[in-house]
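# Observations on the model geometry
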Amino acid sequence: MSLILCRHEPVKHPYFIERLGVHIMSSQELCYILYNHPLLAMDGFIDQALIQFIEEELDMPFLAGKLSAWKKGGEDPDEMIFIILQECYYYTSREVIKLRQKIGSYRKMNEAEFAKETADYYFRLKQYGAAIQCYEKILDSWRIKSLSDEFTAKIWHNIGASYAGIFWFGKALAAFDMAYNFDKKPETLKKIYQLTLLNPQLKLKERYQSAITERQQRQWELDLERVLADAGRGEAVREIRELFNQDPLKRTAGAEKLVTEWKRAYRKML
Amino acid sequence: MDGLVIGIDLCNSYTHIACHKPERTWVIPTVVCKNKNQDEWYVDEEAYAHTLIGDGVIEDKLLTQVLKEGTATIGGIRYEGLYLLKMFLKKALELPGKEAGDVPIAGLVIAVSMLDVKLMDSLLYCADYLEIPRERVHIISHTESFVYYVMSQKREIWSNQVGMFDLADESLRYYEMKVQRGIRQMQVTAERQDLEETFHLDVLENMAGAKIADKILSSCAERILQKRLFSAVLLTGKGFESTDWAPEFMKQICSRRRVYVETSLFARGALMKALDYQQEKTAYPFTCICEGRLKATVSLKILNRDKEGQLVLAAAGDNWYEAKSTVDFVVTGAPELEFTIAPLDPKKKRLVKIPLKDFPRRPDRTTRIQLTLGFSDENTMVALIRDKGFGELFPATERMIKQEVIL
């Protein structure tokens, strides 16, 4: 066990990372982001604003100068990630080498695979809007013909899941419909059926009505009920119940805070 | 150096104030008098004069009053011990102030016989009230003051061990110091011994009493000094203002030894220290191990640029009261802090681990902690560890650990 000594960093204006919805206020946090979100780091993350933050707020003018020179020289932008990590000593040399290999393996992927990896990454971050854009870019690409059915189904499936994440059930249904065309998996069918349960305005296509047995319907209905019941017992619901048990003043203030938080989270998803 | 540089020996009975430029020493009783009718305070002769006239009330034992949270009601107003000490110091510091012509205090070192946190905090509070910046005020023990006084003298005085008797009202103490020359740095160790054979100085006023006192001191000297070699023996305290009453004792200590008398020794030692603080480079390049100074080095295992190392938080010889530090770390590996306590004897070196019990579980290197290290006395280290989280990624909690470690 050990301790890493933190240098004094007089950050007055934390740096906001829009994709993650967080502010960072130390060089250690910056390194953590670079190491744990390499796809974000590879996607133009180290820009002029970040270099300015490093120089002025983290008080690391030498590092900022090095990054600016690198950027100006038009060199490999991925290398800037390692320049930062090596300068901050937050990760060991061995860990930095490991990240270098990981980034190298990303760069070795073909365009479609890399795009899917990026899109999946945004999906995991619940950045559904960004994820959908990336998935659609893969499908629009001229290489579409070279994509396997399985890969195409996965893309459509993830588009469906992304739309469902932002409550666009109609679009989600259409995407799952496309996915089913390629994979014919009962799991996809289950999602289509459950979407019609979540939004009764959506109608199940005739071809699916004949494909789903009554037994499957009952089972999937039960599954959805169980999921909804579990969600009802969740921490978030408990907090809301507690909030509504409070006096009107506290309730209003709490509700306002909660709705603002939801709005912020939803906007982030888009 | 601009401003007054002052050394004070603050005792319950008398206070010695030694000043550099003008080079002078004041000795005043540690009493303060408040005018019954107006908000005026007096010290020294004025204090007694107003008390005798009847318009003032005098308060003594000011240090005891601070330590025991005593109070005094004067003119219907209740004053806390701390307030009385504050007023005493204000008026006492006006003595050198007036003589120097209203110049600010550039350095103040206060020597006290017992280093008690409460008293030290109170003295710094008094400094705040007197608008003396804290970095200009230092509190040391009588033992340390003795060391600085001796080390400011010619080399022949401290070439061997130095002994000192301090005879004050109802207290008899013996101090001894030794200089050890090392390859890298000199080390001075000093100790104080409270002797049981105390007597009130009033006994010296009659011949019979003085004779008994002389005998007591002689037997003490014989027991303590034996036939050991001393480069000097010093005498200090009100009891040695005159040594005529102790012919036997003087004969005993003067035998093959140099003996010096300096009644304001602690104030002079404090002044030497205060003058040294004014210099960019110390004139006393030694490690001082004595009362008020740490006897062990405390370091923490850290990772620096991929390599394991030790970060020294407090070194042996540092003033424990001033050895405070606050450092931020990121925890990696097992959640615990590993201190190394290294006393002067290398065989006694040991490790002390403080686990971060009940701290939230987070991925490696995403817990930032703030370590505040201080000492409640020269043998007790107090570590305060606070969870600072990891920015917005892993928000901080209120979790805090306070642990005392015996050095």
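Structure: see above.
Here's what I pulled together on the structure shown here. Source: prediction; values computed, not measured.

### Some points on the layout of surface pockets
If you add up the space inside the largest pocket, you get close to 1200 Å³. Residue assignment for the lining of the largest pocket shows that the elements contributing at least two residues are helix H7 (111-124), helix H9 (149-165), helix H10 (169-183), helix H11 (186-198), helix H13 (214-232), helix H14 (235-244) and helix H15 (248-269) of chain A. Broken down by element, the residue count for the lining of the largest pocket peaks at nine residues, all from H15(A). Of the residues that constitute the lining of the largest pocket, the class distribution is 22 nonpolar, four polar and 13 charged. Estimates place the volume of the second largest pocket at around 910 Å³. As for the second largest pocket, its lining consists of 41 residues, of which Cys11(B), Asn12(B), Ser13(B), Ala168(B) and Asp169(B) are closest to the centre. Per-class residue counts for the lining of the second largest pocket are 17 nonpolar, 13 polar and eleven charged.

### What to know about the interface of chain B and chain A
With 30 residues of chain B at the interface, the matching set in chain A holds 22 residues. Taken as a group, Arg365(B), Glu392(B) and Leu393(B) account for 28% of the area that chain B buries against chain A, more than any other trio of residues on that side. Salt-bridge contacts for Arg365(B) lead to Glu95(A); the nearest nitrogen and oxygen are separated by 2.3 Å. In this assembly, chain B and chain A are joined by eight residue pairs in polar contact (both at pLDDT 80 or more). For the side of chain B that touches chain A, the elements supplying multiple residues, two or more each, are strand S17 (296-304), strand S18 (307-314), strand S19 (325-332), strand S20 (336-343), strand S22 (368-377) and strand S24 (389-392) of chain B. Examining the composition of the side of chain B that touches chain A, we find that six residues originate from one element, S19(B), more than from any other. Within the side of chain B that touches chain A, the residues separate by chemical class into 15 nonpolar, four polar and eleven charged. Note that strand S1 (residues 2-5) of chain A and S19(B) share four bridges and pair antiparallel. Paired with Leu3(A) across the bridge in S19(B) is Val331(B).

### Details of the pattern of salt bridges
All names here are of chain A. Counting across every chain of the model gives 36 salt bridges over all chains. Note that Lys205 and Asp177 form a salt bridge whose closest N and O atoms lie 2.2 Å from each other. Remark: Asp177 occurs in helix H10 and Lys205 occurs in the loop between H11 and helix H12 (206-211); sequence separation between them is 28 residues. According to the relative accessible area criterion, Lys205 is partly exposed, its value standing at 41%. Classification of Asp177 by relative accessible area gives buried; the value is 10%. Residue Asp223 pairs with Arg226 through a salt bridge whose shortest N-O separation is 3.5 Å. Pair noted here: Asp223 and Arg226 are both in helix H13, with a separation of three residues, about one helical turn. Given a relative accessible area of 14%, Asp223 falls into the buried group.

Reading guide: rules and limits
Residues numbered from 1 in each chain as written. Chains lettered and ligands numbered in written order. Predicted model: local features only at pLDDT ≥ 70, side-chain atom pairs only at ≥ 80, totals over all residues. Heavy atoms only, no water. 1 Å grid on protein atoms, 1.4 Å probe; cavity = no way out; pocket = protein on both sides within 12 Å on 5 of 7 lines; lining within 4 Å. Points joined across faces, edges and corners; volume = space filled by probe spheres on them. Helix = DSSP H or I, 4+ residues; strand = E, 2+ residues; numbered from the N terminus. Nonpolar A, V, L, I, M, F, W, Y, C, P; charged D, E, K, R; others polar. Contact = heavy atoms within 4.5 Å. Buried area = accessible area lost by both parts, 1.4 Å probe. Salt bridge = Lys/Arg side-chain N within 4 Å of Asp/Glu carboxyl O. Polar contact = N/O pair within 3.5 Å; in protein donor to acceptor, adjacent residues only side chain to side chain. Pairing = 2+ DSSP bridges. Buried < 20%, exposed > 50% of the residue type's maximum accessible area, 1.4 Å probe, protein only.

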